[in-house]
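Listed below, chain by chain, are the residues.
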Amino acid sequence: MRCSVCGREAVIRLRHAGLRLCPEHLVARVEKEVEGAIRRFRMFSHEERVLVAVSGGKDSLALWHILTKLGYQADGLYIDLGIGGYSERSREVSQAFAEERGLTLHVVSLAGQLGATLDELTRIARGKPCSLCGTVKRYLMNRAAWEGGYQALATGHNLDDEAATLLGNVLRWDEGYLARQYPVLPEEGKLVRKVKPLVFLSEREMAAYCLINGIHYLHEDCPHAQGARSIVLKGVLNQLEDRYPSTKISFLRQFLKVRDRFQPPEPVLLHECPSCGMPTAAEGACRFCRLKERVARHALRVTDDHGTSA
Ligand code: AMP
Ligand code: FES
Ligand code: ZN
Ligand code: ZN
């Protein structure tokens, strides 16, 4: 198999792009796609500071690597959710990545901020781990970016993630979500701009990019991901992609062309949470602060039950 660009030995075949690439040209393609998405969607400039949310997985670490290589001012943020050994291992991988390259990684612990790990919170709030995780991650990411004075918050969502989210939104014809599904969400008050520079790059390309560049990432998935709807949607799309290459990329690209036909939800008036000062649509305290109160009440009850309270 020969590289479509230079004719040397190719290491990957990208049927959806009609390309076979050698390591050098795979790296060049990935970086060009990222730069292209940043410019096309006006994600951020070289003068702005970007906070990359890193999970220890291939996408976010590769994204951080690419942004610094392209000369952007990018620091990292790792949220330690306290999901047993999985969180410990992903934190170690993220810290090792930052240390090897002399990059700044902020580490925020959910237990420190909320008073409970995600596993404890799931028991206390009797919710689904992934949905609670989404709520607390979104809050902590935005707060870290806002307090750190960053102009943009970047996540490693790739083509496979975005196509699966899109399929999920279409299956429910969720117009509000469809209108908001975009590679960049503008800033609004204390809500920092959200950007996804990897939207047009597939999981396979990102894995190959890491391998070629010696980026060590955690190969393990979050234990709560098993059975999650997003995994099923990705499986369905992979089957379609095998049969009809470029299904995912055209699904997403064509959607972006017609997206403005969907009605955005009525703008909700945001106010400041009386407890933490961050924006919220909820009456009174924000969802994070309400969860925090619930955790605190639970801790009090547990102390009472054990007869050790004052
Ligand atoms: P996921 O929701 O796990 O598919 O992750 C999507 C993106 O969210 C990743 O590419 C990261 O940018 C970010 N992310 C996920 N988990 C964490 C974490 N624990 N700390 C910081 N960022 C994260
Ligand atoms: Fe959030 Fe798995 S990473 S539940
Ligand atoms: Zn080549
Ligand atoms: Zn709050």
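Model, not experiment: these values are computed from the prediction.

1. Overview of the coordination of the zinc ion (ligand 3)
Of the protein atoms, only C3 (SG), C6 (SG), C22 (SG) and H25 (ND1) coordinate the zinc ion (ligand 3), at distances of 2.0 to 2.3 Å. Angles of 95 to 116 degrees at the metal separate the 4 donor atoms of the zinc ion (ligand 3), which places the site in the tetrahedral class.

2. Notes on a positive patch on the surface
The grouping of R126, R294, R297 and R301 at the surface amounts to a positive patch. In this structure, R297 sits in helix α12 (residues 287–305).

3. A word on the pattern of salt bridges
For side chains bearing opposite charge, pairing can occur when the charged atoms are close. Tallying each qualifying case throughout the model produces 18 salt bridges. For E33, the salt bridge is made with R29, and the minimal N-O distance between the two is 3.9 Å. Of this pair, E33 and R29 both sit in helix α1 (residues 23–40), separated by 4 residues, roughly a single helical turn. Accessibility expressed as a relative area gives 22% for E33, which makes it partly exposed. A relative accessible area of 15% places R29 in the buried class.

4. A few points about the packing of aromatic side chains
Throughout the structure, instances matching the rule amount to 6 aromatic pairs. Between F41 and F200, the ring centres sit 6.2 Å apart and the planes meet at 35 degrees, which makes this aromatic pair tilted. Remark: F200 occurs in the loop between β8 (193–195) and α9 (203–213) and F41 occurs in the loop between α1 and β3 (49–53); sequence separation between them is 159 residues. Taking 6.3 Å as the distance between ring centres and 40 degrees as the angle between the ring planes, the aromatic pair formed by F255 and F262 counts as tilted.

5. A word on the packing of α1 against helix α2 (residues 58–69)
Running from N to C, α1 and α2 point in directions that differ by 80 degrees, and their axes come no closer than 11 Å. With respect to each other, α1 and α2 are oriented roughly perpendicular. Mapping the contact onto sequence places V27, V30, E31, V34 and I38 in α1 and I66, L67 and K69 in α2. Class assignment for the residues of the contact of α1 with α2 results in 6 nonpolar, no polar and 2 charged.

6. A few points about the coordination of the zinc ion (ligand 4)
The protein atoms donating to the zinc ion (ligand 4) are C273 (SG), C276 (SG), C286 (SG) and C289 (SG), with metal-donor distances spanning 2.3 to 2.4 Å. Classification of the site at the zinc ion (ligand 4) as tetrahedral follows from its 4 donor atoms and the range of 106 to 115 degrees in their angles at the metal. When the donors of the zinc ion (ligand 4) are listed by position in the chain, the intervening gaps give C-x2-C-x9-C-x2-C. In this pair, C276 is assigned in the loop between β9 (271–272) and β10 (279–280) and C289 in helix α12, connecting sequence segments 13 residues apart. With a relative accessible area of 27%, C276 lands in the partly exposed category. On the basis of relative accessible area, C289 is assigned to the buried category, the value being 6%.

What counts as what
Residues numbered from 1 in each chain as written. Chains lettered and ligands numbered in written order. Predicted model: local features only at pLDDT ≥ 70, side-chain atom pairs only at ≥ 80, totals over all residues. Heavy atoms only, no water. Donors = N, O, S within 2.8 Å, 3.2 Å for Na, K, Ca; no water. Tetrahedral: all angles 85-135°; square planar, octahedral: opposite > 155°, others 65-115°. Patch = residues over 30% accessible without salt bridge, like charges linked within 9 Å, V, L, I, M, F, W, Y side chains within 5 Å. Areas by Shrake-Rupley, 256 points an atom, 1.4 Å probe, with all protein chains shown as cover. Salt bridge = Lys/Arg side-chain N within 4 Å of Asp/Glu carboxyl O. Lys, Arg positive; Asp, Glu negative; His and termini not counted. Charge placed at Lys NZ, Arg CZ, Asp CG, Glu CD. Helix = DSSP H or I, 4+ residues; strand = E, 2+ residues; numbered from the N terminus. Buried < 20%, exposed > 50% of the residue type's maximum accessible area, 1.4 Å probe, protein only. Phe/Tyr/Trp six-rings, centres within 6.5 Å; stacked < 30°, edge-to-face > 60°. Axes fitted to C-alpha atoms, helices over the stretch in contact; angles between N-to-C directions. Parallel < 35°, antiparallel > 145°, perpendicular 65-115°, else oblique. Contact = heavy atoms within 4.5 Å. Nonpolar A, V, L, I, M, F, W, Y, C, P; charged D, E, K, R; others polar.

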